[in-house]
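Breakdown of the fold
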Amino acid sequence: LTTGDEGRHLRQVHVMDRRGNFAAHTGADCPDWCGHLCQQTYSLAGNTLAGANVLEAVAAAYEANAETPFARRLIAGPDLRGAGRPPCRPAPRGR
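Here the structure is a predicted model, which means the values were calculated and not measured. (Residues numbered from 1 in each chain as written. Predicted model: local features only at pLDDT ≥ 70, side-chain atom pairs only at ≥ 80, totals over all residues. Heavy atoms only, no water.)

1. Remarks on the overall build of the protein chain
In plain terms, the rule: For helices the rule is a DSSP run of H or I covering at least 4 residues; for strands it is a run of E covering at least 2, with both sets numbered from the N terminus onward. Relative accessibility thresholds used throughout: buried, under 20% of the residue-type maximum; exposed, over 50%; partly exposed, between the two (1.4 Å probe, protein chains only). Should any heavy atoms of two residues lie within 4.5 Å, those residues are counted as being in contact.
Across its full length, the protein chain carries 2 helices and 4 strands. Mapped from its N terminus to its C terminus, the protein chain presents α and β elements in the order β-β-β-β-α-α. In the protein chain, which comprises 95 residues, the share counted as buried stands at 20%. A fraction of 15% describes how many contacts in the protein chain between residues 6 or more apart in sequence connect residues 24 or more apart.

Right, here's the structure in full:
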């Protein structure tokens, strides 16, 4: 998927096939800290994060709240981004 993309070194890409298998790519020149994590039922990625511990914490929170509706789990992860980043806030309803 990334072979023909001249900007692949700057991109993160996640795909899931029709069988539910995940694959991911994190370009070598994505902003630090960057990376991805593929598990059996989900895939995570981030850049300009405080470190790998961010993806690990998000994965742990996601898994610990398996009974919570999917949409809620998407926005309920811990905010462990690097210093100087604006806070994430859900968009107002209706947007």
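Don't stop here, the text continues.
2. Quick look at the nonpolar core
Condition: Think of a nonpolar core as a cluster: buried Ala, Val, Leu, Ile, Met, Phe, Trp, Tyr and Cys residues, connected wherever their side-chain atoms sit within 4.5 Å.
If you look at the biggest cluster of nonpolar residues, it comprises 7 residues: Y42, L44, L49, V54, L55, A59 and Y62. The element best represented in this core is helix α1 (residues 52–64), accounting for 4 residues. The residues touching Y62, leaving out its near neighbours within four places in the chain, are Y42, F70 and R73.

3. Regarding the side chain of T26
Stated precisely, the cut-off is as follows: Each polar contact in these results corresponds to two N or O atoms within 3.5 Å; when the atoms are within protein, one needs to be able to donate a hydrogen and the other to accept it, and residues that are neighboring in sequence are counted only if both atoms are side-chain atoms.
Here T26 shows up in strand β2 (residues 22–26). Take T26: its relative accessible area is 18%, and that puts it in the buried class. A polar contact of 3.3 Å, which involves the side chain of T26, links it to the side chain of Q12. Side chain to side chain, T26 and H36 meet in a polar contact 2.7 Å long. Discounting residues that sit within four places of it in the chain, T26 has contacts with R11, Q12, C34, G35 and H36.

4. Here we look at the packing of aromatic side chains
Note the following rule: Stacked, tilted and edge-to-face pairs are distinguished by plane angle, under 30 degrees for stacked and over 60 for edge-to-face with tilted covering the rest, among Phe, Tyr and Trp rings (Trp via its six-membered ring) whose centres lie within 6.5 Å.
Counted according to the given criterion, the structure contains 2 aromatic pairs. Between Y42 and Y62 the ring centres are 4.9 Å apart and the planes differ by 55 degrees, which places this aromatic pair in the tilted class. Of this pair, Y42 sits in the loop between β3 (35–38) and β4 (43–46) while Y62 sits in helix α1, and the two are 20 residues apart along the sequence. By the burial criterion, Y42 is buried, and Y62 matches it. Geometrically, the ring pair formed by Y62 and F70 is edge-to-face, given 6.5 Å between the ring centres and 90 degrees between the ring planes. What makes F70 partly exposed here is its relative accessible area of 48%.

5. Observations concerning the side chain of T2
Considering the arrangement of structural elements, one finds T2 in the segment before β1 (12–16). If we ignore the near neighbours within four places in the chain, the residues touching T2 are R8, V13 and H25.

6. Focus: unusual backbone geometry
If you check the backbone angles, T48 has positive phi at about 55 degrees while not being a glycine. Within the element layout of this structure, T48 appears in the loop between β4 and α1.

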